[in-house]
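Next come the chains, spelled out residue by residue.
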Amino acid sequence: MIDRLRRIVTSDAFGRFITTVIIVNAITLGLQTSEQLTARWGEALHGLDQVALAIFTAEILLRLAVIPRQSLRDPWFWFDFSVVAICYLPTAGPLSVLRTLRLFRVLRLISVVPSLRQTVQSLLGALPGMGSVVLLLGLIFYVGAVIATEVFGDAFPAYFGTLGRSLYSLFQIMTLESWSNGIVRPILKEFPLAWTFFVPFIVITSFAVLNMFIGVIVSSIEADSEDHRREHMAALEARLMQRLQDMETRLMAQQSADRPAIEQDENTA
């Protein structure tokens, strides 16, 4: 019985079923945001939501029952477990606000779709390499904020009056959101050479440093894809070798079974 359940839980069909339930549940949660649909179909939508929760709970329990070691060692299992556990938080009291986190059930698609899971793993693998880029960006921001506060702080205190305001203004400039008409052009009326500060800052932060983030992420994805390809090839090679060994075993067994008959024929002759 356990072996049969294990085959079901680890099968591709079961994975596709869970994926379908997640998608349907995501649509249901989205429909519940409409007051008109909730007023008309609120009970049906709530019922579908509870059915999906029951399926997710049963899936977690089945995985714990049939593949406990593999599940407990899998970080994605704990992610799924946390997402499902949040749905059982009380609907009243100080923790009721956490009920909105049930929407995280949609993120379970990451754990059940291999391509999404590989992408997230690549992004997580890129975090160490992104640390040095973040440090470099932080240094540039700090130096730029100190300069902007000292140079433009008295004339434009709303943008550069303090170090914190300067950091926020420079962040807005880096994102290129209303940086020219909203911030820089008024400053240029008072400081005509201010462009010598803002233009290099934008070039360095928006076009150079931020592209380094993309480079680190792309490198991580390529490395992870290469590792995944090697693991896939190693698994194929292992299955091929196992089949060859099984064929060799059957041939040797067949030869051993045919040998007495051949020897008997030779003795008869």
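What counts, and where the lines are drawn
- Residues numbered from 1 in each chain as written.
- Predicted model: local features only at pLDDT ≥ 70, side-chain atom pairs only at ≥ 80, totals over all residues.
- Heavy atoms only, no water.
- Axes fitted to C-alpha atoms, helices over the stretch in contact; angles between N-to-C directions.
- Helix = DSSP H or I, 4+ residues; strand = E, 2+ residues; numbered from the N terminus.
- Left-handed = near helix turned anticlockwise from the far one by under 90°.
- Contact = heavy atoms within 4.5 Å.
- Nonpolar A, V, L, I, M, F, W, Y, C, P; charged D, E, K, R; others polar.
- Phe/Tyr/Trp six-rings, centres within 6.5 Å; stacked < 30°, edge-to-face > 60°.
- Buried < 20%, exposed > 50% of the residue type's maximum accessible area, 1.4 Å probe, protein only.
- Salt bridge = Lys/Arg side-chain N within 4 Å of Asp/Glu carboxyl O.
- Core = buried A, V, L, I, M, F, W, Y, C linked by side-chain atoms within 4.5 Å.

The next thing to look at is the packing of helix H3 (residues 35–66) against helix H5 (residues 75–86). Orientation of H3 relative to H5, taken along the N-to-C sense of each, is 145°, at an axis distance of 10 Å. Both H3 and H5 take part in a crossing whose hand is left-handed. Residues Leu53, Phe56, Thr57, Ile60, Arg63 and Leu64 of H3 pack against Phe77, Asp80, Phe81 and Val84 of H5. A class-by-class count of the residues in the contact of H3 with H5 yields 7 nonpolar, 1 polar and 2 charged.

Looking now at the packing of aromatic side chains. Applying the stated criterion across every chain yields a total of 13 aromatic pairs. Measuring from ring centre to ring centre gives 5.8 Å for phenylalanine 152 and phenylalanine 160, while their planes differ by 55°; the resulting arrangement is tilted. When its relative accessible area of 0% is taken as the criterion, phenylalanine 160 is described as buried. Their ring planes at 15° and their centres at 6.3 Å tell us that phenylalanine 197 and phenylalanine 201 sit as a pair that is stacked. Here phenylalanine 197 and its partner phenylalanine 201 are both found in helix H12 (residues 195–268), 4 residues apart, which amounts to about one turn of the helix.

The final tally for this structure, using the stated rule, is 2 salt bridges. Between arginine 63 and aspartate 80 there is a salt bridge whose closest N-O contact spans 3.2 Å. Here aspartate 80 lies in helix H5 and arginine 63 lies in helix H3, a separation of 17 residues in the sequence. Beyond isolated ion pairs, a larger network of salt bridges with shared partners links Glu59, Arg63 and Asp80.

Structurally, the position occupied by valine 113 is in the loop between helix H6 (108–112) and helix H7 (114–125). Linking valine 113 and glycine 15, residues 98 residues apart in sequence, is a C-alpha distance of 8.5 Å.

All right, on to the nonpolar core then. Formed by 23 residues in total, the largest nonpolar core has its most connected members in Phe152, Phe160, Leu170, Ile173, Ile187 and Phe198. Taken together, the elements giving at least two residues each to this core come down to helix H8 (127–152), helix H10 (163–174), helix H11 (179–190) and H12. Tallying contributions element by element places H8 first for this core, with 7 residues. Formed by 14 residues, the second largest nonpolar core is a distinct cluster that contains Ile22, Val66, Ile67 and Phe77.

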